[in-house]
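Below are the chains, spelled out letter by letter.
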Amino acid sequence: MNASESSPKRRKLSRKKRMAFLAAGIGLVFVCCELISCGALHFVDVNFSMREWRSRQSDIAAGATVSDAASEAFHPYLGWVHNPQLSSSAAFAGRMIPVNSLGFKDDSKSLYKRSDDTFIVGIAGGSVAWRFSWEAVDLLTQKLSEYPGLRGRRIQFVRMALPGYKQPQQLMAQNYLLAQGAEFDVIVNIDGYNETVLAIAENAARHISIFYPRAWHSRMVAVVDPSTSAESFRLLELRGHRARIAKSVLTSRFHWSYTYNLIWLLRDRAAKMELMDLGRDILDLRQTSFLTHGPQNPWTGDELEREVAALWSRSSLQMHHLCKANDTLYLHVLQPNQYVPNSKPLGEAERDVCYSEFDKSIEIVQSMFPRLQEEGRLLAEAGVEFSDQTMVFANVEEPLYVDPWCHFNEKGNLLLGTSIADRLIQMLDNAAAERETR
């Protein structure tokens, strides 16, 4: 008997069992891939949840976040507003704040008529004014409602401010609303930082007209300039690619899979990185483009600073004239800022987080705010109600500022709100006395 005859014959697995083993192997590999992918997604985002990522994919698919500021819309008069069709409500100051039909981040409709039972307060400016309009709204309502001439009247706030706005956008917003029939009892304009720091450190530094909205070249990057048509086409193609692959995840039968979502993430991030690189290339190619930069600034150094301050002053004076012509009170507030010398005792926490000696803000604020204060005195002489609030925090030791630019917390807004409310009441008294003497 030979060896081959003595060894037992191997039993051949049935087709059914082979298929079962194959399925088990594939399943094991799939489970391993899912576990690895799940871990990778949690590594990328510590607070990862599939619901949150589905929301991100929906926003990209809809075009809202397919690129930076994609939820903004070019505006023929204001530079930009937020697109109510793409912008979802955002949480701030304990509220969910929507974008209204005109593109302002406001829960009001922006357009109101004066009446005996309503007192309409417009808030103009940039992010400081916008944050103030939410965190100080209850305090202002209370103080104004206690004023004898306003008792029983509803205080209606209209937020004309948007983060990033700088003059003359406040002036243009006022004109735009008035043209649509809006009426105001008082307009409070809180500004100063954007008009100086953003005008000089962003616009002028990049050869963008100081009269244009901040970083106008970045907002115009997707607009086709004939000189960069090929690059613009590729940029739009990449935005479309991000939207398409996000839609493919949402509509796929494997949308629940961690692996499938990880693959989407890698593809999306690659497209996003290329989009950012291409955007920078386009900006470099357009450094002298009128389409993206506007008329060239003919000023430098001290002349530039004087013109920036003059633009701020002229815009405010025109807001005053508009208000006066429409029987509306106007209050112009120069906002506080941590870089104004001796304007607030800064503790260790504020100095660590909110005071940067390497930021351009400090140099520009310390050079420009004295110019604004002088322009403010001239505005007051011209009849403008001007309130220099740079020292409103001068005796407050507790932390108020929250970043190294210009923003402060709710306590800061309440302190500023108290001071502004007192000035508004004084203005109402003066207006009442003036009416009696007519």
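Residue indices begin from 1 for each chain and proceed along its sequence in written order. In keeping with the model being predicted, local features are shown solely for residues with a pLDDT of at least 70 and side-chain atom pairs are shown and tallied solely at 80 or more, while totals for entire chains, interfaces and linings include all residues. Values shown for side chains rest on all heavy atoms present in the structure; no hydrogens or waters enter the calculation.

Caption draft 1: Region of interest: the overall build of the protein. Numbered from the N terminus, helices here are DSSP runs of H or I no shorter than four residues, and strands are runs of E no shorter than two. What the protein contains, in helices and strands, is 15 helices and nine strands. The globule rule is 2.2 Å times the number of residues to the power 0.38, and the radius of gyration it is compared with is taken over C-alpha atoms. Against the compact-globule benchmark of 22 Å for 438 residues, the protein has a radius of gyration of 29 Å, which places it well outside the compact range. Reported as C-alpha extents along the three principal axes, the dimensions of the protein are approximately 130 × 55 × 50 Å. In the protein, which comprises 438 residues, the proportion classed as buried is 48%. Partly exposed describes any residue whose relative accessible area lies between the buried limit of under 20% and the exposed limit of over 50%, with all areas from a 1.4 Å probe on protein chains only and scaled to the type maximum.

Caption draft 2: Examining the nonpolar core more closely. Membership of the largest hydrophobic core comes to 84 residues, with the highest contact counts inside it found for Val121, Leu177, Val188 and Ile420. The greatest single-element share of this core, amounting to seven residues, is contributed by helix 14 (residues 360–381). In this view, valine 121 contacts Leu144, Ile155, Gln156, Phe157, Val158, Val186 and Val188; residues no more than four positions away in its chain are not counted. Judged by nonpolar contacts, the second largest core, of 14 residues, contains Leu41, Ile60, Ile245 and Leu265. In this text, buried Ala, Val, Leu, Ile, Met, Phe, Trp, Tyr and Cys residues form a nonpolar core when linked through side-chain atoms within 4.5 Å. Here, residues are in contact when the closest pair of their heavy atoms is within 4.5 Å.

Caption draft 3: Main features of the environment of asparagine 203. Note on placement: asparagine 203 falls in helix 7 (residues 193–203). Remark: the alpha-carbon pair of asparagine 203 and tyrosine 112, spanning 91 residues in sequence, is separated by 34 Å. Leaving out residues up to four positions away in the same chain, asparagine 203 has contacts with Lys166, Leu198, Ile208, Ser209, Ile210, Tyr212, Pro213, Arg214 and Ala215.

Caption draft 4: Quick peek at the pattern of salt bridges. Salt bridge criterion: a side-chain nitrogen from Lys or Arg within 4 Å of a carboxyl oxygen from Asp or Glu. Counted under the stated rule, the structure contains 18 salt bridges. The partner of arginine 159 in a salt bridge is aspartate 106, with the nearest N and O atoms 2.8 Å apart. Residue arginine 159 is found in strand 6 (residues 154–159), and its partner aspartate 106 is found in the loop between strand 4 (95–97) and strand 5 (118–125); the two are separated by 53 residues along the sequence. Here arginine 159 and aspartate 106 have matching classes, each one buried. Of the charged contacts, one joins glutamate 305 and arginine 371 as a salt bridge, the two residues approaching to 3.1 Å between their closest N and O atoms. Remark: arginine 371 occurs in helix 14 and glutamate 305 occurs in helix 12 (residues 301–325); sequence separation between them is 66 residues. Assessed through its relative accessible area of 17%, glutamate 305 is described here as buried. When salt bridges with common partners are traced through the structure, they connect Asp302, Glu305, Arg306 and Arg371 into a single cluster.

Caption draft 5: The arrangement of the packing of helix 3 (residues 50–62) against helix 9 (residues 229–251) in detail. With axes taken as lines fitted to C-alpha atoms, and helix axes fitted only over the stretch in contact, angles between N-to-C directions fall between 0 and 180 degrees. Direction vectors running N to C along helix 3 and helix 9 enclose 135°, while the axes themselves pass 8 Å from each other. Relative to helix 9, the element helix 3 is oriented oblique. Along this stretch, helix 3 crosses helix 9, giving a crossing that reads as left-handed. Across the interface between the two elements, Arg54, Gln57, Ser58, Ile60 and Ala61 of helix 3 pack against Arg242, Ala243, Ala246, Lys247, Val249 and Leu250 of helix 9. Residues are grouped as follows: Ala, Val, Leu, Ile, Met, Phe, Trp, Tyr, Cys and Pro are nonpolar; Asp, Glu, Lys and Arg are charged; all remaining types, including Gly, are polar. Of the residues belonging to the contact of helix 3 with helix 9, the class tally is six nonpolar, two polar and three charged. An angle counts as roughly parallel when it lies under 35 degrees, as roughly antiparallel when it exceeds 145, as roughly perpendicular when it falls between 65 and 115, and as oblique in every other case. The crossing is said to be left-handed when, going from far helix to near helix, the turn is anticlockwise and less than a right angle, and right-handed when the turn is clockwise.

Caption draft 6: Region of interest: the side chain of histidine 407. Along the chain, histidine 407 falls in the loop between strand 9 (385–388) and helix 15 (410–437). Take histidine 407: its relative accessible area is 13%, and that puts it in the buried class. If near-sequence neighbours (up to four positions away) are discounted, histidine 407 is found in contact with Ser127, Val128, Arg131, Leu400, Tyr401 and Val402.

Caption draft 7: Structural context of the state of the cysteines. Cysteine sulfur atoms are paired as a disulfide whenever they come within 2.5 Å of each other. This model, assessed by the stated rule, comprises zero disulfides. Free cysteine: cysteine 38, not disulfide-bonded; nearest cysteine sulfur from cysteine 33 at 13 Å.

Caption draft 8: Looking closely at helix 15. Any helix carries an expected span of 1.5 Å times its number of residues minus one. A rise of 1.5 Å per residue sets the reference length of helix 15, with its 28 residues, at 40 Å; its end C-alpha atoms lie 40 Å apart and thus fit the reference within 8%. Buried residues of helix 15: Gly412, Asn413, Leu416, Gly417, Ile420, Ala421, Arg423, Leu424, Met427, Leu428 and Ala431, and no others. Buried residues belonging to helix 15 abut strand 5, helix 4 (127–135), helix 5 (137–146), strand 7 (186–191), strand 8 (329–334) and strand 9. Whenever a nitrogen or oxygen atom comes within 3.5 Å of another N or O atom, the pair is scored as a polar contact, on the condition that within protein one atom can donate a hydrogen and the other can accept it, and that pairs from neighbouring residues in sequence are kept only if both atoms are in side chains. N-cap assignment for helix 15: the residue whose side-chain oxygen lies 3.2 Å from the backbone N of lysine 411 is asparagine 409.

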